[in-house]
Amino acid sequence: MKLIEAANYEEMSQKAADIIIAQVKEKPDAVLGLATGSTMLGTYKQLVEDHRQNGTSYRHVRTVNLDEYIGLSPDHPNSYRYYMNQHLFSHIDIPLSQTYLPNGASDDVEAECQRYEQLIENLGGIDLQLLGIGRNGHIGFNEPGTSFSTPTHVVELAPSTRQANARFFPSLEDVPHQAITMGIATILKSRHILLLAAGTAKAPIMAKLFEGTVTIDVPASVLHIHPNVTVIADQEALSLVPDEKRKVHAK
């Protein structure tokens, strides 16, 4: 696990965008695993700006998102499809037919999980997977206690996760209780994983992550066993990580 320290959120976002842009330039038909949430907004803004100014093309790129709420249609303002269209896809030259998310409005969500898992395999696997980290250590919507061998599956969202996401909804009651998420096993098949963290709210879980103990109680800790993980975090998120731990993982 390599650590890149950033002074602030803006620098974290720029460094993350630089890695994604480099991946696309190296492999124009790359499969990018994408994530949602407030952490990613700066990165997507930088990708859009680069596309406008430098013409980086996504015409042959394919994307697969980590997760989607169950019960929200793709055009619902709080669906992750809507988020991705609004913040990235509609501002770059990627054909929407090459952008994939789980279908949270499916009549058979179990079959949808299997379909999505097969889709990723059919695309040749994920070249670069973007991840955030939840305050309880979740990656995707894989909550504490999730088996590391789990493929794409239906998950019951933890109360803390629903609470954290409530700011995007009119009220906590409007936050869905379930989602479809790539499983930890699915994420671990990615060739390169890029984890982003920013802000003091993420400091306690980042300290736990860099303790180095691999446990299902902290789902993100599984990244220690992956051969190619880059963590980009700002000073606030790293404020509780001891200097010696930072130095060990510094890139």
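Data block above holds the structure.
Residues numbered from 1 in each chain as written. Predicted model: local features only at pLDDT ≥ 70, side-chain atom pairs only at ≥ 80, totals over all residues. Heavy atoms only, no water.

A. A look at the packing of helix α2 (residues 38-54) against helix α3 (residues 80-87). Closest axis-to-axis distance for the α2/α3 pair is 10 Å, and the angle between their directions is 40°. Relative to α3, α2 is oriented oblique. Side by side, α2 and α3 meet where Met 40, Leu 41, Tyr 44 and Val 48 of the first sit next to Tyr 83, Met 84 and His 87 of the second. By residue class, the composition of the contact of α2 with α3 is six nonpolar, one polar and no charged. (Axes fitted to C-alpha atoms, helices over the stretch in contact; angles between N-to-C directions. Helix = DSSP H or I, 4+ residues; strand = E, 2+ residues; numbered from the N terminus. Parallel < 35°, antiparallel > 145°, perpendicular 65-115°, else oblique. Contact = heavy atoms within 4.5 Å. Nonpolar A, V, L, I, M, F, W, Y, C, P; charged D, E, K, R; others polar.)

B. A look at α2. In a regular helix each residue adds 1.5 Å, so 17 residues correspond to 24 Å; α2 covers 25 Å between its end C-alpha atoms and thus fits that length. If you check which residues of α2 are buried, you get Thr 39, Met 40, Gly 42, Thr 43, Tyr 44, Leu 47, Val 48, Asp 50 and His 51. (Expected span 1.5 Å × (residues − 1). Buried < 20%, exposed > 50% of the residue type's maximum accessible area, 1.4 Å probe, protein only.)

C. Seen up close, helix α4 (residues 109-122). The end-to-end C-alpha distance of α4 is 20 Å, a good match for the 20 Å that 14 residues give at a rise of 1.5 Å each. Along α4, the positions that sit buried rather than exposed are Val 109, Glu 112, Cys 113, Tyr 116, Glu 117, Leu 119 and Ile 120. All buried residues of α4 fall inside an arc of 155° around its axis, so they share one side. Opposite the packed face of α4, turned more than 90 degrees from it, sit the exposed residues Gln 114, Glu 121 and Asn 122. If you follow the buried residues of α4, they end up packed against β3 (62-65), β5 (99-100), β7 (153-156), β8 (178-181) and α6 (184-188). Remark: Gly 124 follows α4 within two positions and exhibits a positive phi of approximately 95°. (Arc of directions from axis to C-beta.)

As far as function goes, none of this settles anything; it's purely spatial.
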